[in-house]
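Letter by letter, the chains look like this.
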Amino acid sequence: MRPRETEGGRGRERQYVSTMGSEKMSVVFSIKHEPSALMKALTPFQNNNINLTHIESRPLAEDPEKYKFLCNLEITCGDDEKRFQKAISELKEISGKDCVKVLSRRDADVTKGGGDNDEVPWFPIKIAELDRFASQILSYGAELDSDHPGFTDEVYRKRRKIFADIAYNYKHGEPIPNVEYNEAELKTWNQVFTKLSTLFETHACKEFRKVWPLLVQNCNYNKDTIPQLHEVFSVFERLHGVHVTAGGGTPLVT
């Protein structure tokens, strides 16, 4: 993602613009639950020589007589794009105009010029697709805004880049690597942990006070050790069924 910056108020306002490629397209459509319905719906792609790489289905919640399908397609050149548009038009004749939506991975302003446009900007559907954003994080690594407290601290900037590199290289499904913390970081953690631990009973909400003992017992929370991310994530999944993946900047939860 690249920042598009405009002057306004204090500093600059950043608007994020997709810079992803256009080689993948997805289509969501719904059809009646009846024999040969899917075969008819896929015929436009066959007739226009569009390759499908993935398909999945589920019942349509608002209409028990219909099923919704997600298809991933390969669009590799201009000719493919023309055939794709023709296939979509034919699919709309089969399923109905309001029953077909295109999910695009292209850099496109879907509202530009107004009018009728059924294309939806691409967004991650599966947790593994979050890996696509790893190299497109704003202010990656040692880069900092001039008003950041660590802007002039070279030691901090180098250390920050080490952590950013871990996030940059991580791929969903791999073991989350351990971080080796230095003496200064452990000392800071010790002081913060010790002080805050005395304030939880009087200053923390009841939800935090309920969870805190679990973190201490299961996630290696103590004044001498900074817990590793995979230790915390495993407890979240075991206790609450929440699946978490590592990402640049902040964890992303599904």
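Residues numbered from 1 in each chain as written. Predicted model: local features only at pLDDT ≥ 70, side-chain atom pairs only at ≥ 80, totals over all residues. Heavy atoms only, no water.

**Side note on the confidence of the model for the protein chain**
Predicted coordinates in areas of low pLDDT are best not read in detail. Residues with a pLDDT of 70 or more make up 73% of the protein chain, whose mean pLDDT is 76. Ranking the elements of the protein chain by mean pLDDT puts strand 2 (residues 12–17) last, at 34, and helix 4 (residues 183–197) first, at 95. When the criterion is pLDDT under 50, residues 107–116 qualifies, and its contacts beyond four places in sequence or with other chains add up to nine contacts. Every residue in residues 250–254 scores below 50 in pLDDT, and together they form twelve contacts with partners more than four places removed in sequence or on other chains. (pLDDT = per-residue confidence, 0-100. Helix = DSSP H or I, 4+ residues; strand = E, 2+ residues; numbered from the N terminus. Contact = heavy atoms within 4.5 Å.)

**Digging into the nonpolar core**
Burial of nonpolar side chains together is a common tendency in soluble globular proteins. In this structure, Val27, Phe29, Phe45, Leu73, Phe84, Ile88 and Leu91 are the most contacted members of the largest nonpolar core, which totals 18 residues. Counting only elements with at least two residues in this core, the list comes to strand 3 (24–32), helix 1 (37–47), strand 5 (66–74), helix 2 (78–95) and strand 6 (100–104). Excluding anything up to four places from it in sequence, Phe84 contacts Met25, Val27, Ile50, Leu73, Ile75 and Val102. Counting residues in hydrophobic clusters, the runner-up holds nine residues, among them Phe193, Phe200, Leu215 and Val235. (Core = buried A, V, L, I, M, F, W, Y, C linked by side-chain atoms within 4.5 Å. Buried < 20%, exposed > 50% of the residue type's maximum accessible area, 1.4 Å probe, protein only.)

**A look at the pairing of strand 3**
The buried count for strand 3 comes to seven of nine residues, which makes it a mostly enclosed element. Where strand 3 meets strand 5, nine bridges bridge the pair, whose relative direction is antiparallel. Bridge assignment links Met25 to a residue of strand 5, and that residue is Leu73. (Pairing = 2+ DSSP bridges.)

**Remarks on the pattern of salt bridges**
A full pass over the atoms with the stated rule returns five salt bridges. For Glu185, the salt bridge goes to Arg159, with nearest N and O atoms at 2.6 Å. Remark: Arg159 occurs in helix 3 (residues 154–169) and Glu185 occurs in helix 4; sequence separation between them is 26 residues. For Arg159, a relative accessible area of 17% corresponds to the buried category. (Salt bridge = Lys/Arg side-chain N within 4 Å of Asp/Glu carboxyl O.)

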